[in-house]
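Coordinates in review
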Amino acid sequence: MLSWWYQLVEPRDSITLAQNDPLHRTRVASILLLISLLTCIAFIPAGLSSTNYHVLPPVLGLLAVTLVAIFLNRQGKVQALGALIAVAVNATLIAVLLTYPQFVLPQNAMPIYDLFVLSVIIAVSFLPGQGVVFTTLFNCLFITIDMIFQPHTADLQNALTTTNYTILLRPLAIQIIVALVTYIWVRNANRAIEKANQAELIAQLERDMAQQKRELDTGIQQLLQTLVEAANGNLNIRAPYSQENVLWQVGSAVNMLVSRLQRTTMNEQELTRIKEELRRVIQNVRESKRNHNNFYLMPGGTDMDPLISELLGCNLSQPTYPLSSSPFQRRELNTNTSEPGPGSGM
């Protein structure tokens, strides 16, 4: 039923504020502001009918403060709102008591002292403990001083004399008892909420640790699988890691290690081929020199081919197959010529 009012006076991010403040003081402040607004509107006719209209200015002042407090509640400043409303309530009651005709306090003004407990309740709801103590002491001190020193009507003076001023104990007891009970209740509620938050935090930490353990187990299995594959000769394997994974740095290091191992293996294979090609060339040259005949040198497909071409003064090429009866044709090198050639150094 009050959803329209909550949308009007509560902050837009009230859900976030409720998470930070489990007591949801913005909702309590919204209800308080609605009560204050309705009370001020209801007391306007009473202020118009009061003697010399002394009730009307305080009521209008409280109405203006309520409108300002609505703006504070929209901003989520509930502590400033509580302090403002508590001061405004006390100021309204004090102004009503001090503006009676000729400043004389009648007996029917006694219930007004009881209304000072409203500021205590507001202070308990929105202010820290120091604010509650200060508000309660101020109310008790003002009630005592005003009851003793403000002029009284005859009926009130007779009541005070008859009861030896024990009638003053009622408003004072109301202030102290309400402040003590509500403060203890709010403190216990805050402690219970803190314990609940701690339990929720512990549960959340346990869930996070369990999730992290599962991720670690999965990551370790992936690393082991990658290392086993690499050890079995599959150097194209890589660990599938992203930066969101807790082991992404380890996975990146493993991938770098496998990449370097792959390059090293390829270099070793190339070096082995070059050595084999070198032994083949040396063997062919030696046989040609020993037999004093020409020898044919085919390319080996390694990095030694350009070097051998430069040393022998020719270009190595694959055999060609012409249409003639010769099975194939190759470039020949004559090792028996007496005239030094480019490859005579071999």
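Residues numbered from 1 in each chain as written. Predicted model: local features only at pLDDT ≥ 70, side-chain atom pairs only at ≥ 80, totals over all residues. Heavy atoms only, no water.

**Concerning the overall build of the protein**
A count of helices and strands for the protein gives twelve helices and two strands. Along the protein, helices and strands appear, N-terminal first, in the series α-α-α-α-α-α-α-α-α-α-α-β-α-β. Carbon together with sulfur atoms contributes 62% to the accessible area of the protein, which is approximately 22000 Å² in total. (Helix = DSSP H or I, 4+ residues; strand = E, 2+ residues; numbered from the N terminus. Areas by Shrake-Rupley, 256 points an atom, 1.4 Å probe, with all protein chains shown as cover.)

**What about the environment of His54?**
Counting through the fold element by element, His54 comes out in the loop between α3 (25–49) and α4 (56–74). A relative accessible area of 9% means that His54 is categorised as buried. Sequence spacing of His54 and Thr99 is 45 residues, and the spatial spacing of their C-alpha atoms is 5.8 Å. (Buried < 20%, exposed > 50% of the residue type's maximum accessible area, 1.4 Å probe, protein only.)

**What about helix α11 (residues 248–291)?**
Between the first and last C-alpha of α11 there are 64 Å, a value that for 44 residues agrees with the 64 Å anticipated at 1.5 Å per step. Residues Gly251, Val254, Asn255, Val258, Ser259, Gln262, Glu277, Val281, Val285 and Ser288 constitute the buried set of α11. After α11 finishes, the residue His292 shows a positive phi value of roughly 55°. (Expected span 1.5 Å × (residues − 1).)

**Some details on the packing of aromatic side chains**
The full count for this structure, using the stated rule, is two aromatic pairs. Ring geometry for Trp4 and Trp5: centres 5.9 Å apart, planes at 75°, overall edge-to-face. The residue whose ring lies beneath Arg27 is Tyr6, and the NZ or CZ to ring-centre distance is 3.7 Å. (Phe/Tyr/Trp six-rings, centres within 6.5 Å; stacked < 30°, edge-to-face > 60°. Lys NZ or Arg CZ within 6 Å of the ring centre and 35° of its normal.)

**With respect to the confidence of the model for the protein**
Any region with low pLDDT has predicted coordinates that should not be read closely. Within the protein, residue pLDDT values average 78, and 82% of them lie at 70 or more. Mean pLDDT across the secondary structure elements of the protein bottoms out at strand β2 (residues 332–333), with 41, and peaks at helix α8 (residues 129–149), with 90. (pLDDT = per-residue confidence, 0-100.)

**Considerations on the pattern of salt bridges**
For the structure on display, the rule yields six salt bridges. The residue Asp114 makes a salt bridge to Arg170 at a minimum N-O spacing of 3.2 Å. Of this pair, Asp114 sits in helix α6 (residues 110–114) while Arg170 sits in helix α10 (residues 169–231), and the two are 56 residues apart along the sequence. The residue Asp217 makes a salt bridge to Lys213 at a minimum N-O spacing of 3.2 Å. Note that Asp217 and Lys213 are positioned in helix α10 at a spacing of four residues, about one turn of the helix. (Salt bridge = Lys/Arg side-chain N within 4 Å of Asp/Glu carboxyl O.)

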